[in-house]
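# Descriptive analysis of the structure
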Amino acid sequence: DGGITQSPKYLFRKEGQNVTLSCEQNLNHDAMYWYRQDPGQGLRLIYYSQIVNDFQKGDIAEGYSVSREKKESFPLTVTSAQKNPTAFYLCASSTRSGRSDTQYFGPGTRLTVL
Amino acid sequence: AQKITQTQPGMFVQEKEAVTLDCTYDTSDPSYGLFWYKQPSSGEMIFLIYQGSYDQQNATEGRYSLNFQKARKSANLVISASQLGDSAMYFCAMRENNYGQNFVFGPGTRLSVLP
């Protein structure tokens, strides 16, 4: 089955700790994205990557870092510099060749800072 | 400025009736795509339907159709024969060609289907 997996589903972190959220896709998509969603809000773009070894900041990149060493994987690190990291994090991927380039999403990771 | 506007924070519909969720957008790019996603309480974003700016006909996917009015910059989602499982948040999104592969999402509309 092709799709996007995110782990863990729930994550608890103490203040001052870095934490890494996993995102893997087997859709052979070139582009991958990380979004943050706060309660009752829409999605805001954190980082995106169009190809391996390249990524760009989105609208709210401060306090986050990413890497794209493999096409299938796009992990997100929430650093201690992120002032308010408690949120729902969604990973997505898409092709870059079609007119629609629909983004498909993983199930999300809910991060809570204690 | 808001690129995607969804003016209905919450909507109610009776089971088996049709409902329209509003979406207006703002772009100067002649080539763009419009998308609707459903987000149930589990949190996953489910792709529903796509409309390209050059598409001549309104998109349809099963019980979902998109009422695309280009001159008014409107892309309303119509759900026919509502089911209890349609209760969820619905997000309108846009991808502009000049903005690369990035999407802009609206604030969402919460739909509640009543039995």
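Please refer to the structure placed before this passage.
First, a word on scope: everything that follows refers to the structure included in this document. (Residues numbered from 1 in each chain as written. Chains lettered and ligands numbered in written order. Predicted model: local features only at pLDDT ≥ 70, side-chain atom pairs only at ≥ 80, totals over all residues. Heavy atoms only, no water.)

### Regarding the interface of chain A and chain B
Here is the rule we go by: Contacts are residue-level and defined by heavy atoms, with any inter-residue pair within 4.5 Å sufficient. A carboxyl oxygen of Asp or Glu within 4 Å of a side-chain nitrogen of Lys or Arg is what we treat as a salt bridge. Here a polar contact is recorded for every N or O atom pair within 3.5 Å, except that within protein the pair must consist of a potential hydrogen donor and a potential acceptor, and residues adjacent in sequence are included only if both atoms are side-chain atoms. Helix and strand assignments follow DSSP, with helices taken as H or I runs no shorter than four residues and strands as E runs no shorter than two, numbered in order from the N terminus. Polar here means any residue outside two lists: the nonpolar Ala, Val, Leu, Ile, Met, Phe, Trp, Tyr, Cys and Pro, and the charged Asp, Glu, Lys and Arg; Gly therefore counts as polar.
In this complex, chain A contributes 24 residues to the contact, which on the side of chain B involves 20 residues. The interface formed by chain A and chain B includes 0 salt bridges. Here chain A and chain B share 2 residue pairs in polar contact (both at pLDDT 80 or more) between them. Residue assignment for the side of chain A that touches chain B shows that the elements contributing at least two residues are β4 (31-37), β5 (43-51), β9 (87-94) and β10 (104-105) of chain A. Take the side of chain A that touches chain B: its biggest share by element is 4 residues, from β5 of chain A. Within the side of chain A that touches chain B, the residues separate by chemical class into 10 nonpolar, 10 polar and 4 charged.

### Here's the deal with the sheet that holds strand β8 (residues 76-78) of chain A
Residue and element names in this part refer to chain A. The cut-off we apply is this: When DSSP finds two or more bridges between two strands, those strands count as paired. Helix axes are fitted only over the stretch in contact, all axes being lines through C-alpha atoms; the angle between N-to-C directions runs from 0 to 180 degrees.
The strand order across the open sheet formed by 4 strands is β1-β3-β8-β7, and the pairing between neighbours is antiparallel. With partners counted over all chains shown, the strands left at the sheet margins are β1 (4-7) and β7 (64-66), one partner each. Across the sheet, the mean angle from the axis of one strand to that of its neighbour is 20 degrees, orientation sign disregarded. Direction of pairing for β1 relative to strand β3 (residues 19-25): antiparallel, over a ladder of 4 bridges. By the bridge assignment for β3, threonine 5 is matched with glutamate 24.

### Digging into a nonpolar patch on the surface
How we decide: Like-charged residues within 9 Å of one another, or nonpolar side chains (Val, Leu, Ile, Met, Phe, Trp, Tyr) within 5 Å, are grouped into patches, provided each residue has over 30% relative accessible area and no salt bridge. Only the protein chains shown count as cover for residues, with accessible areas throughout obtained via the Shrake-Rupley method and a probe of 1.4 Å.
Together, Tyr10, Phe12 and Leu114 of chain A make up a nonpolar patch on the protein surface, roughly 390 Å² of accessible area in all. Of note, leucine 114 of chain A is situated in the segment after β11 (109-113).

### A closer look at the nonpolar core
Note the cut-off: Residues grouped as a nonpolar core are buried Ala, Val, Leu, Ile, Met, Phe, Trp, Tyr and Cys residues, joined through side-chain atoms within 4.5 Å. A simple rule labels every residue: compare its accessible area, found with a 1.4 Å probe on the protein chains alone, to the largest value its type can have, and call it buried under 20%, exposed over 50%, or partly exposed in between.
Of all hydrophobic cores here, the largest spans 25 residues; its most connected members are Leu21, Tyr25, Trp36, Ile49, Leu77, Tyr90 and Leu111 of chain B. Elements supplying a minimum of two residues to this core: β2 (10-14), β3 (19-21), β5 (32-39), β6 (46-52), β8 (64-69), β9 (74-79), β10 (88-96) and β12 (109-114) of chain B. Residue contributions to this core peak at 4 residues, all from β10 of chain B. Listed in part, the 20 residues of the second largest apolar core include Cys23, Ile60, Tyr89 and Cys91 of chain A.

### Some words on the state of the cysteines
Each disulfide consists of a covalent bond between the sulfur atoms of two cysteine residues. Residue and element names in this part refer to chain B. Under the convention used in this document: Defined by distance alone, a disulfide is two cysteine sulfur atoms within 2.5 Å.
Evaluation of the coordinates by the stated rule reveals 2 disulfides over all chains. Between cysteine 23 and cysteine 92 runs a disulfide, and the two sulfur atoms are separated by 2.0 Å. Its S-S torsion of approximately -65 degrees makes the covalent link between cysteine 23 and cysteine 92 left-handed. Of the two residues, cysteine 23 sits in the loop between β3 and β4 (24-25) while cysteine 92 sits in strand β10, which places them 69 residues apart along the sequence.

### Section: the packing of aromatic side chains
We count it as follows: For this analysis, a ring pair means two rings from Phe, Tyr or Trp (six-membered ring only for Trp) whose centres lie within 6.5 Å, classed as stacked if their planes differ by under 30 degrees, edge-to-face if by over 60, and tilted for the remaining angles.
Inspection of the entire model under this criterion finds 15 aromatic pairs over all chains. Between the aromatic rings of tyrosine 35 of chain A and phenylalanine 105 of chain A, the centroid separation amounts to 5.7 Å while the plane-to-plane angle is 40 degrees, which identifies the pairing as tilted. Of this pair, tyrosine 35 of chain A sits in strand β4 while phenylalanine 105 of chain A sits in strand β10, and the two are 70 residues apart along the sequence. Take phenylalanine 105 of chain A: its relative accessible area is 6%, and that puts it in the buried class. Aromatic side chains phenylalanine 105 of chain A and phenylalanine 105 of chain B sit 6.1 Å apart centroid to centroid with 75 degrees between the ring planes, which places their arrangement in the edge-to-face category. Residue phenylalanine 105 of chain A is located in strand β10, and its partner phenylalanine 105 of chain B is located in strand β11 (residues 103-105); the two belong to separate chains.

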